[in-house]
Amino acid sequence: MKDECGICSRVMRTIYMRQCQRCKKLFCRDCMTPDVATGDPTAMLCLHCARRIVSPRTVSKYGGLESHLKFRAAFTDQVKLKFARIDGLIGANLPMTAYRDQTWWSNTSTSAHAKAWLDAGWEVQEVNFKEGWVTFKKVRSLPRAPRKKKLEITQPFTPVPVRPLRSKIPSKTKVSKLYARIKNLERQRAQTRQPVRGLKPKSSYQYQRRLYGGNEKPR
Ligand SMILES: [Zn+2]
Ligand SMILES: [Zn+2]
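A.B. asks: Please clarify how the coordination of the zinc ion (ligand 2) should be interpreted in this entry.
C.D. replies: Octahedral six-donor coordination of a metal ideally yields angles of 90 or 180 degrees, compared with 109.5 degrees for tetrahedral four-donor coordination. The zinc ion (ligand 2) binds to the protein through C20 (SG), C23 (SG), C46 (SG) and C49 (SG); the donor distances cover 2.2 to 2.3 Å. Considering all four donor atoms around the zinc ion (ligand 2), the spread of angles at the metal, 99 to 117 degrees, places the coordination shape in the tetrahedral class. The motif formed by the donor residues of the zinc ion (ligand 2), counted along the single chain, is C-x2-C-x22-C-x2-C. Assessed through its relative accessible area of 3%, C49 is described here as buried.

Structural data, given as structure tokens:
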């Protein structure tokens, strides 16, 4: 006897599988945990049931299926889902009736699960209990969620006002400091112009000789 794990879909011999204490379905031991409340290893829970005990659901159970179908609607109008895949989408196990009862899959919005796929714009087309899958057909396209408007420039660019430069009269200290600096520079320049001691400055005569050649002297 072989069976499929309700969570990871691995197929293995039934003797290696355990029954969940809560949903009574078979799972591999990797997808089970000892009872989260008591820690009793003989009372095993599947991970879906353990999650439901730890954090009880606040939104619709089939919201995951609804949003998945809404997502797929953008690309296709027919979707085939294995029961185990739906378990994964809704984060819980489908009830046992979903595994054998055709009416569970009927497209009547009175049931919470059918409302999920009908609200998404899909209908159940075919259910295969032997192979454990269901096909959905897209019956209507939902209006697209309005996109965020792009930021449009409607007004001309107005620069941020710049503070005008204030004409400031410098302080007397500043003026005197600057004045002293100028004086210093002048003094420095006057010093460097003076000939270095021991070096004879060239006379104007020597320049004149180079300019006019020979011993000629300009008149
Ligand atoms: Zn498993
Ligand atoms: Zn369970």
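The structure having been displayed, the exposition proceeds.
A.B. asks: Any chance you could explain the pairing of strand β9 (residues 133-138) here in plain terms?
C.D. replies: Looking down a regular strand, the side chains alternate between one sheet face and the other. Across five bridges, strand β7 (residues 78-82) lies against β9 in antiparallel orientation. Paired with K80 across the strands is T135, a residue of β9. Relative to β9, strand β8 (residues 122-128) runs antiparallel, the two sharing six bridges. Bridge pairing links W122 to K138 in β9. Hairpin remark: β8 followed by β9, antiparallel, with four residues in the connecting loop; positive phi at G132, about 70 degrees.

A.B. asks: Any chance you could explain the coordination of the zinc ion (ligand 1) here in plain terms?
C.D. replies: Every protein donor of the zinc ion (ligand 1) is listed here as C5 (SG), C8 (SG), C28 (SG) and C31 (SG), and their distances to the metal cover 2.2 to 2.3 Å. Considering all four donor atoms around the zinc ion (ligand 1), the spread of angles at the metal, 103 to 115 degrees, places the coordination shape in the tetrahedral class. Read in sequence order, the donor residues for the zinc ion (ligand 1) give the motif C-x2-C-x19-C-x2-C. Overall, C5 belongs to the buried group, its relative accessible area being 1%.

A.B. asks: Can you walk me through a nonpolar patch on the surface in this structure?
C.D. replies: Residues V36, I53 and V54 make up a contiguous nonpolar surface patch of about 250 Å² in total accessible area. With respect to the helices and strands, the residue V36 is situated in the loop between β5 (32-34) and β6 (44-46). V36 sits in the partly exposed class, given a relative accessible area of 38%.

A.B. asks: Help me understand helix α1 (residues 47-54) in this model?
C.D. replies: Along an α-helix, a turn takes 3.6 residues, which lines up residues three or four apart on a common side. Regarding α1, the residues found buried are H48, C49 and A50. Packed against the buried residues of α1 are β5, β6 and α3 (83-90).

A.B. asks: Mind showing me how you'd approach helix α4 (residues 112-119) here?
C.D. replies: What α4 keeps buried is the set H113, A114, A116, W117 and L118. Contacts from the buried residues of α4 go to α2 (63-72), β8 and β9. In the segment just after α4, G121 is the residue with positive phi, at about 95 degrees.

Reading the values: rules and limits
- Residues numbered from 1 in each chain as written.
- Chains lettered and ligands numbered in written order.
- Predicted model: local features only at pLDDT ≥ 70, side-chain atom pairs only at ≥ 80, totals over all residues.
- Heavy atoms only, no water.
- Donors = N, O, S within 2.8 Å, 3.2 Å for Na, K, Ca; no water.
- Tetrahedral: all angles 85-135°; square planar, octahedral: opposite > 155°, others 65-115°.
- Buried < 20%, exposed > 50% of the residue type's maximum accessible area, 1.4 Å probe, protein only.
- Pairing = 2+ DSSP bridges.
- Helix = DSSP H or I, 4+ residues; strand = E, 2+ residues; numbered from the N terminus.
- Patch = residues over 30% accessible without salt bridge, like charges linked within 9 Å, V, L, I, M, F, W, Y side chains within 5 Å.
- Areas by Shrake-Rupley, 256 points an atom, 1.4 Å probe, with all protein chains shown as cover.
- Salt bridge = Lys/Arg side-chain N within 4 Å of Asp/Glu carboxyl O.
- Contact = heavy atoms within 4.5 Å.

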